[in-house]
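Chain by chain, the residues:
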Amino acid sequence: MNIRRWFGILLFGCFILPAGLFAQDEAQNEEFPNKEENALCLKCHGNQVYPMPVDGTGETVLLKMCRGDRIDTVAYYKGNHGTFTCTDCHSYEYTTFPHNPNLRLEQMPSCLDCHDGDPAVEKYHFESIDEEYRKSGHANLDSTLFSCWSCHNPHSFRLAVRTDINISALVKYDNSMCLNCHVNPVNPDYYLGGGLDLIVAKHTWLPKTENHFRNVRCIECHAKINENVLVPHNIVKKEDAVKRCVECHSTDSRLLHTLYKYQPQQARQTKGFVNSVISGQGYVVGANRSILLNRIGIVLVICTILGIGIHTTIRIILK
Amino acid sequence: MTEKKVLLYPVWIRLWHLLNALLILLLIITGISMLYSTLSATWMRFDVAVTIHNTSGVLLTISYLFFFLGNLFTTNWRHYVIQLPGMWTRLWKQFRYYAFGVFLKEECPFPIGSKRKFNPLQQFTYTGMMYFIVPVIMITGWAMMFPEVIIDQYLKIAGFKTTDVIHVAGAFIVFIFLLIHLYFATMGKKPSTHYKAMITGYHEDETG
């Protein structure tokens, strides 16, 4: 009996368990069939250093991989382009190493080069996003310095807004795109000249500044809404940014057309709260209110006024 | 025959009452403006309403502390102590008087004098307002001024939402109280009697 049990454990340990692990590995490979091919690139670009052969000596030296050429492999496979092979976007010539220096001059594709007219991504309205972007202040910048990729890193970008991600995580993710340039001295062209403190200082007119920063995205005020686009891309001049509180703090809050636009329509008027889609994860005074409490309150106020009116009338009549 | 008058409302109470009335009015007006704000509502800017509301709220807290300390260091607190035995009977008597007796020219069952400043209904509502509703509104109001102190979620209920609901419910109660308070103040010998007493401090001793 004992021998049978031990035999069973041995069988499980030696064959079944590793088979399970391999199956998991196979599943991952099935999910990312590009992994093997990409490994050729990522063994250098996924690291901080790479080996460079020294001409004619047969030896190699370790060189530092430039920050811009480094790929976060974990973020890459989690991103929306994670199923791509590197050569889907980059020249096939990159498969030879050392790379031909002229390849640096290759024109990189923009979003629309792949997504224009693509029925698979029709719901994202890339054409409208492009139209909105062209109206925005960002479009006036030098296109060699600024493109879609300046905000949406093609090697890690993920559609945060269309997932079940919670609002505060979404706000953090989206705001990091803006802050990455505007409070980062590494990007002198867009750097506003100070850190987060400067951004806070520029918004002191906004009550509870930091609270706003934690709960809404920069684009809620700094971009023009287009109902056809889920995330507004028409970044406006600072003079044209939203400054009226009621734009958000009202029943017809613009947050319903921006930050909470993706939430299902049916969730918008449930749970007994006006704009309950917002009150699910946050609470905006003016935009949210309890329907039941309001009704009870208004009925009681009206009854009180009526009661006073009737009492006064009887007093006057019987005087 | 000259009426015997007693000093029911000393200066500190009158000043507190006046300040309290002004602040409550401002809080109600700005509160309604914020609660029912729409894009087209232009009668008060949201940020202006918020500033006035917050400032009035802070001042109301100071005024409340003044009232609390005033009660603590004078004998005024006695008027807010409800005697539980027979409370419901007294409340009913006073209610009946307001509902019917006043029309039938009956004598007030609990006349006002130096020993009894409030009738049972007044005592019950004033004590409830000043020692329960107003503190709840002030605490929830302060919490919303500093939302970082509010627990995000408790038992799957958003903390800020709950705080706001309690605050607004309290505000409705205060609003209704104010309407009734202003009306019942007209039920003296003349409609202006109680209002005058609140200005001069002196009230006719109805106990004789």
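Everything that follows concerns the structure shown earlier in this document.
Residues numbered from 1 in each chain as written. Chains lettered and ligands numbered in written order. Predicted model: local features only at pLDDT ≥ 70, side-chain atom pairs only at ≥ 80, totals over all residues.

## A look at the environment of A:Asn228
Residues and elements named next belong to chain A.
Thinking step 1. Locating asparagine 228 in the fold gives a position in the loop between β3 (223–224) and β4 (234–235).
Thinking step 2. Judged by the 11 C-beta atoms lying within 10 Å of it, asparagine 228 is exposed.
Thinking step 3. Measuring from C-alpha to C-alpha, the distance between asparagine 228 and isoleucine 129 comes to 8.6 Å, with 99 residues separating the pair along the chain.
Thinking step 4. If we skip the residues at most four places from it in the chain, asparagine 228 touches His125 and Ser128. (Helix = DSSP H or I, 4+ residues; strand = E, 2+ residues; numbered from the N terminus. Buried ≥ 20, exposed ≤ 12 C-beta atoms within 10 Å, placed from the backbone. Contact = placed C-beta atoms within 7 Å.)

## Structural notes on the nonpolar core
Thinking step 1. Judged by nonpolar contacts, the single largest core of 18 residues is most densely connected at A:Cys248, A:Leu255, A:Val284, B:Met34 and B:Phe46.
Thinking step 2. Sequence-distant contacts of B:Phe46, defined by excluding residues within four places in its chain, comprise A:Cys245, A:Val246, A:His249, A:Gly286, B:Met34 and B:Ser37.
Thinking step 3. The next biggest cluster of nonpolar side chains, apart from the first, holds seven residues, and it includes A:Phe126, A:Ile219, A:Val229 and A:Val231. (Core = buried A, V, L, I, M, F, W, Y, C linked by C-beta atoms within 7 Å.)

## Quick word on helix α4 (residues 120–145) of chain B
Residues and elements named next belong to chain B.
Thinking step 1. With 26 residues, α4 should cover 38 Å at 1.5 Å per step; its first-to-last C-alpha distance of 36 Å lies within 8% of that length.
Thinking step 2. Of all the bends in α4, the greatest measures close to 40 degrees and is centred on methionine 129.
Thinking step 3. For α4, the full list of buried residues reads Pro120, Gln123, Val134, Ile137, Thr140, Gly141 and Met144.
Thinking step 4. Residues of α4 that are buried sit in contact with α2 (46–73), α3 (87–101) and α5 (159–184). (Expected span 1.5 Å × (residues − 1). Bend = angle between axes of the 7 residues up to and from the residue.)

## Quick look at the packing of helix α1 (residues 11–35) of chain B against α5(B)
When two helices pack together, their arrangement is given by the angle between the helix axes and by the axis-to-axis distance.
All names here are of chain B.
Thinking step 1. The interhelical angle for the contact between α1 and α5, taken along N-to-C directions, is 130 degrees, at an axis separation of 11 Å. The pairing of α1 with α5 is recorded here as oblique in orientation. Here α1 runs over α5; the crossing is left-handed. Of the residues in α5, those in contact with Ile24, Ile28, Gly31 and Leu35 of α1 are Val168, Ala171, Val174, Phe175 and Leu178.
Thinking step 2. Among the residues forming the contact of α1 with α5, the class breakdown is eight nonpolar, one polar and no charged. (Axes fitted to C-alpha atoms, helices over the stretch in contact; angles between N-to-C directions. Parallel < 35°, antiparallel > 145°, perpendicular 65-115°, else oblique. Left-handed = near helix turned anticlockwise from the far one by under 90°. Nonpolar A, V, L, I, M, F, W, Y, C, P; charged D, E, K, R; others polar.)

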